[in-house]
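Single-letter residue listing:
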Amino acid sequence: MEINANFTDNAKNDFNLVVRARAGDQKAYADLMHRYKDSIYFMVLKMVNNKEDAMDLTVETFAKAFEKLDKYQPDYAFSTWLFRVATNNCIDFIRKKKLNTQSIHGMTDDEGEEKPLQIKADILNPEETSIKKQQTQELKLLIESLPHRYRNLITLRYFDELSYEEIAQQLDLPLGTVKAQLFRARYLLGNIINRFNRDDI
């Protein structure tokens, strides 16, 4: 695959990371996210004018971009393509917000409690167990690139296995805030898990 001859050194470096990511190098995904997360965040913030929404949309942008990475063509710099993904994601978000649609409703039960986040519903055979272990390692790597509040909450809840009450006490936050932010964090993490599931099919 030939890249644009006018690419800058940065654009060439990005393309090399894209090639590595397509080949399954999870550090390349994390490097791309680390390189552009701040720029994407500030661009998104200008569009939605809300810090929490901007953080969510930034993570969603990377989840969608990584999911569609095979569609990226090096006619344009990766950064140009990524900003286009972010812009389209913001436009969709603003449109949905105007329609006042309910999103991510299906992740709670009738009592408002969270449902378990499942990678696969069936009993895992040895090969699938190995895949799940690999996915956990990959997720930990990507979680390191998430906004601090999400990284911290996900780590405390799903890796340290603390209760809501213990997290609230440790972070000195209201219980309702912990539940609400974990709900958002689970949704964003779910996007990444879904990408891994599709990659393993």
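Residues numbered from 1 in each chain as written. Predicted model: local features only at pLDDT ≥ 70, side-chain atom pairs only at ≥ 80, totals over all residues. Heavy atoms only, no water.

In the nomenclature of an unreviewed UniProt entry, the protein chain is known as RNA polymerase sigma-70 factor (ECF subfamily) of Mucilaginibacter pocheonensis. The protein chain has a UniProt comment under Sequence similarities (unreviewed entry) that states "Belongs to the sigma-70 factor family. ECF subfamily." (UniProt positions renumbered as here; feature names shortened; annotations may be inferred.)

This next bit is on the overall build of the protein chain. Scanning the protein chain from terminus to terminus reveals eight helices and zero strands. Counting from the amino terminus, helix and strand elements in the protein chain follow one another as α-α-α-α-α-α-α-α. With 201 residues in all, the protein chain has 39% of them scored as buried. For the protein chain, the share of sequence-separated contacts (at least 6 apart) that also reach a separation of at least 24 residues comes to 64%. (Helix = DSSP H or I, 4+ residues; strand = E, 2+ residues; numbered from the N terminus. Buried < 20%, exposed > 50% of the residue type's maximum accessible area, 1.4 Å probe, protein only. Contact = heavy atoms within 4.5 Å.)

Examined against the element boundaries, Ala-30 turns out to sit in helix 2 (residues 26–48). You can call Ala-30 buried: its relative accessible area is 9%. A sequence separation of 13 residues divides Ala-30 from Leu-17, and the C-alpha atoms of the two residues are 9.7 Å apart.

Here we take up the packing of aromatic side chains. To describe a pair of aromatic rings, you give the distance between the ring centres and the angle between the ring planes. According to the stated counting rule, one finds seven aromatic pairs in the structure shown. Seen from their ring centres, Tyr-41 and Phe-42 are 5.2 Å apart, and the 70° between their planes marks the pair as edge-to-face. Assessed through its relative accessible area of 15%, Tyr-41 is described here as buried. On the numbers, 5.8 Å between centres and 40° between planes, the contact of Phe-78 with Trp-81 is tilted. Taken together, the residues span about one helical turn, with Phe-78 and Trp-81 both in helix 4 (residues 78–99) at a distance of three residues. For the residue pair Phe-78 and Trp-81, the accessibility class agrees, reading buried in each case. Grouping aromatic residues by their ring pairs yields a cluster made of Tyr-36, Tyr-72, Phe-78 and Trp-81. Note that Arg-84 overlies the ring of Tyr-76, its terminal NZ or CZ placed 5.7 Å from the centroid. (Phe/Tyr/Trp six-rings, centres within 6.5 Å; stacked < 30°, edge-to-face > 60°. Lys NZ or Arg CZ within 6 Å of the ring centre and 35° of its normal.)

Quick look at unusual backbone geometry now. Positive phi is not limited to glycine here, since Glu-161 has a value of about 55°. When you line up the elements, Glu-161 lands in the loop between helix 6 (148–159) and helix 7 (164–171). Although it is not a glycine, Asp-172 adopts a positive phi angle of roughly 55°. Relative to the helices and strands, Asp-172 is located in the loop between helix 7 and helix 8 (175–200).

What follows deals with the pattern of salt bridges. In this structure the tally under the stated criterion is five salt bridges. Of the charged contacts in the structure, one is a salt bridge between Asp-92 and Arg-95, with a shortest N-O distance of 3.2 Å. With Asp-92 and Arg-95 both in helix 4, this residue pair falls three residues apart, about one helical turn. (Salt bridge = Lys/Arg side-chain N within 4 Å of Asp/Glu carboxyl O.)

Take the confidence of the model for the protein chain next. Looking at the protein chain as a whole, its pLDDT mean stands at 76, while 70% of the residues score no less than 70. Ranking the elements of the protein chain by mean pLDDT puts helix 5 (residues 126–143) last with 62 and helix 1 (residues 9–22) first with 91. Overall, residues 100–107 carries pLDDT values under 50, and its contacts beyond four positions in sequence, including any with other chains, amount to 11 contacts. Across residues 117–122, confidence stays below pLDDT 50; counting only partners more than four residues off in sequence or on other chains, it has nine contacts. (pLDDT = per-residue confidence, 0-100.)

One finds Val-44 and Phe-78 to be the most contacted residues of the largest nonpolar core, which totals 31 residues. Where this core is concerned, the elements lending two or more residues are helix 1, helix 2, helix 3 (51–67) and helix 4. With 11 residues, the single largest contributor to this core is helix 2. Look past the residues within four positions of Val-44 in its chain and what remains in contact with it is Asn-49, Ala-54, Leu-57, Thr-58, Ala-86 and Cys-90. Core analysis: the second largest hydrophobic core is formed by eight residues, Leu-162, Tyr-164, Ala-168 and Leu-182 among them. (Core = buried A, V, L, I, M, F, W, Y, C linked by side-chain atoms within 4.5 Å.)

Relative to the helices and strands, Asp-53 is located in helix 3. The contacts of Asp-53, once residues within four sequence positions are left out, are Val-48, Phe-93, Lys-97 and Arg-184.

As a further point, take helix 2. When the local axis directions of helix 2 are compared, the greatest deviation, roughly 45°, occurs at Tyr-36. Looking one or two residues beyond helix 2, the residue adopting positive phi is Asn-49, at roughly 55°. (Bend = angle between axes of the 7 residues up to and from the residue.)

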